[in-house]
Amino acid sequence: MPRLKAGARMRSAVCDTEIMVIAGPDEEVSLECGGTPMLDAKADRPSAGSPAPDHSAGTAMGKRYVDEAGTVELLCVKPGSGSLSLGGVALKPKDAKPLPSSD
(Lines give C-alpha, C1' and ligand atoms only; values in the text may rest on other atoms or scores of the structure.)
Protein backbone atom coordinates (compact mmCIF):
# COMPACT_ATOMS: atom_id res chain seq x y z
CA MET A 1 0.00 0.00 0.00
CA PRO A 2 1.46 3.37 -1.00
CA ARG A 3 1.60 6.60 0.95
CA LEU A 4 -0.39 9.35 -0.74
CA LYS A 5 2.11 12.19 -0.98
CA ALA A 6 0.96 15.48 -2.50
CA GLY A 7 2.00 15.67 -6.16
CA ALA A 8 2.23 11.89 -6.64
CA ARG A 9 0.65 10.53 -9.82
CA MET A 10 -1.08 7.17 -10.03
CA ARG A 11 -2.89 5.17 -12.69
CA SER A 12 -5.55 2.50 -12.70
CA ALA A 13 -4.64 -1.11 -13.41
CA VAL A 14 -8.00 -1.78 -15.11
CA CYS A 15 -8.98 1.40 -17.01
CA ASP A 16 -7.57 4.69 -18.35
CA THR A 17 -8.01 6.65 -15.10
CA GLU A 18 -4.99 8.65 -13.93
CA ILE A 19 -4.96 10.84 -10.82
CA MET A 20 -2.71 13.30 -9.02
CA VAL A 21 -2.71 13.42 -5.23
CA ILE A 22 -3.62 16.88 -3.90
CA ALA A 23 -3.73 15.90 -0.19
CA GLY A 24 -3.36 12.64 1.66
CA PRO A 25 -2.74 11.15 5.10
CA ASP A 26 0.76 10.45 6.36
CA GLU A 27 -0.04 6.75 6.65
CA GLU A 28 -0.25 3.96 4.09
CA VAL A 29 -3.69 3.60 2.54
CA SER A 30 -5.36 1.29 0.03
CA LEU A 31 -6.36 3.43 -2.98
CA GLU A 32 -8.32 1.56 -5.64
CA CYS A 33 -9.84 2.27 -9.02
CA GLY A 34 -12.38 -0.13 -10.44
CA GLY A 35 -12.00 -2.26 -7.31
CA THR A 36 -8.28 -2.92 -8.01
CA PRO A 37 -5.29 -1.24 -6.29
CA MET A 38 -3.85 1.69 -8.24
CA LEU A 39 -0.32 1.67 -9.67
CA ASP A 40 2.44 4.27 -9.79
CA ALA A 41 1.99 6.39 -12.94
CA LYS A 42 5.25 5.04 -14.40
CA ALA A 43 4.38 1.36 -13.81
CA ASP A 44 3.30 -0.83 -16.71
CA ARG A 45 -0.41 -1.60 -16.78
CA PRO A 46 -1.37 -5.30 -16.89
CA SER A 47 -2.83 -6.28 -20.26
CA ALA A 48 -6.03 -7.84 -18.93
CA GLY A 49 -8.72 -6.68 -16.58
CA SER A 50 -11.73 -4.42 -16.37
CA PRO A 51 -13.42 -2.52 -13.54
CA ALA A 52 -15.59 -4.54 -11.17
CA PRO A 53 -19.30 -3.96 -11.90
CA ASP A 54 -19.90 -2.29 -8.52
CA HIS A 55 -16.86 -0.01 -9.06
CA SER A 56 -17.57 1.16 -12.61
CA ALA A 57 -19.21 4.58 -12.13
CA GLY A 58 -16.24 6.22 -13.89
CA THR A 59 -14.12 9.29 -13.24
CA ALA A 60 -14.38 12.72 -14.84
CA MET A 61 -11.48 14.83 -16.14
CA GLY A 62 -10.63 17.78 -13.91
CA LYS A 63 -12.86 16.65 -11.02
CA ARG A 64 -11.52 16.39 -7.48
CA TYR A 65 -12.46 13.36 -5.41
CA VAL A 66 -12.48 13.29 -1.60
CA ASP A 67 -13.15 10.81 1.18
CA GLU A 68 -15.87 11.33 3.78
CA ALA A 69 -13.42 12.68 6.40
CA GLY A 70 -11.78 15.08 3.93
CA THR A 71 -8.28 13.67 4.56
CA VAL A 72 -7.74 12.53 0.95
CA GLU A 73 -8.16 14.72 -2.13
CA LEU A 74 -7.36 13.49 -5.65
CA LEU A 75 -7.50 15.27 -9.01
CA CYS A 76 -8.49 13.23 -12.07
CA VAL A 77 -6.04 14.07 -14.87
CA LYS A 78 -7.28 11.36 -17.27
CA PRO A 79 -10.83 9.95 -17.13
CA GLY A 80 -11.72 6.28 -17.17
CA SER A 81 -14.51 3.79 -16.56
CA GLY A 82 -13.49 2.73 -13.03
CA SER A 83 -14.54 4.59 -9.89
CA LEU A 84 -12.14 5.62 -7.11
CA SER A 85 -12.26 4.15 -3.62
CA LEU A 86 -10.19 4.19 -0.46
CA GLY A 87 -10.14 0.91 1.45
CA GLY A 88 -13.27 -0.21 -0.41
CA VAL A 89 -15.22 2.99 0.41
CA ALA A 90 -16.15 5.05 -2.65
CA LEU A 91 -14.69 8.55 -2.99
CA LYS A 92 -17.11 11.34 -3.89
CA PRO A 93 -16.65 14.26 -6.29
CA LYS A 94 -15.80 17.41 -4.35
CA ASP A 95 -18.53 20.03 -4.44
CA ALA A 96 -17.67 23.40 -5.92
CA LYS A 97 -17.51 26.31 -3.50
CA PRO A 98 -20.28 28.83 -4.10
CA LEU A 99 -19.10 32.18 -5.43
CA PRO A 100 -19.88 35.26 -3.36
CA SER A 101 -22.83 37.25 -4.54
CA SER A 102 -22.18 40.56 -6.24
CA ASP A 103 -24.91 42.83 -4.95
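Notes on the structure in this doc start here. Source: prediction; values computed, not measured.

Some thoughts on the nonpolar core
- Membership of the largest hydrophobic core comes to 16 residues, with the highest contact counts inside it found for Leu4, Ile19, Leu31, Met38, Leu74, Leu84 and Leu91.
- At the level of secondary structure, the elements contributing two or more residues to this core comprise β2 (18-23), β3 (31-33), β7 (73-78) and β8 (84-86).
- Those residues within four positions of leucine 74 in sequence are excluded, and the remaining contacts are Ile19, Met20, Val21, Ile22, Leu31, Lys63, Arg64, Tyr65, Leu84 and Leu91.

Description of the side chain of serine 12
- By secondary structure assignment, the location of serine 12 is in the loop between β1 (9-11) and β2.
- Owing to a relative accessible area of 0%, serine 12 belongs among the buried residues under this scheme.
- Looking at serine 12, its side chain comes within polar contact range of the main-chain nitrogen of cysteine 15, at 3.2 Å.
- Residues within four places of serine 12 in sequence aside, it is in contact with Thr17, Cys33, Met38 and Arg45.

Focus: the pairing of β7
- Bridge analysis of β2 against β7 gives 5 bridges, and the strand direction is antiparallel. By the bridge assignment, valine 21 is partnered in β7 with leucine 74.
- Pairing geometry for strand β6 (residues 64-66) and β7, over 3 bridges, is antiparallel. Looking across to β7, one finds that arginine 64 is bridged to leucine 75.
- Counting the residues in the hairpin turn of β6 and β7 gives 6 residues, including glycine 70, whose phi is positive at 80°.

Structural notes on the sheet that holds strand β9 (residues 89-90)
- With antiparallel pairing, 4 strands are arranged side by side in an open sheet as β4-β3-β8-β9. For this open sheet the edge positions go to β4 (36-37) and β9, each flanked by a neighbour on one side alone.
- In terms of strand pairing, β3 meets β4 through 2 bridges, oriented antiparallel. Bridge assignment links glutamate 32 to a residue of β4, and that residue is proline 37.

Notes on the sheet that holds strand β10 (residues 92-93)
- As summarised here, the arrangement of the 6 strands in space is β5-β1-β2-β7-β6-β10, forming an open sheet in which the pairing is antiparallel. Two strands bound the open sheet, and with one partner strand each, they are β5 (39-40) and β10.

A word on the side chain of serine 85
- Note on placement: serine 85 falls in strand β8.
- Classification of serine 85 as buried rests on a relative accessible area of 1%.
- One polar contact links serine 85 to glutamate 32, side chain to side chain, over a distance of 2.8 Å.
- Excluding residues that lie within four positions of it along the chain, serine 85 makes contacts with Ser30, Leu31, Glu32, His55, Ala90 and Leu91.

Criteria and cut-off values
Residues numbered from 1 in each chain as written. Predicted model: local features only at pLDDT ≥ 70, side-chain atom pairs only at ≥ 80, totals over all residues. Heavy atoms only, no water. Core = buried A, V, L, I, M, F, W, Y, C linked by side-chain atoms within 4.5 Å. Buried < 20%, exposed > 50% of the residue type's maximum accessible area, 1.4 Å probe, protein only. Helix = DSSP H or I, 4+ residues; strand = E, 2+ residues; numbered from the N terminus. Contact = heavy atoms within 4.5 Å. Polar contact = N/O pair within 3.5 Å; in protein donor to acceptor, adjacent residues only side chain to side chain. Pairing = 2+ DSSP bridges.

Distances and angles like these do not, on their own, reveal function.
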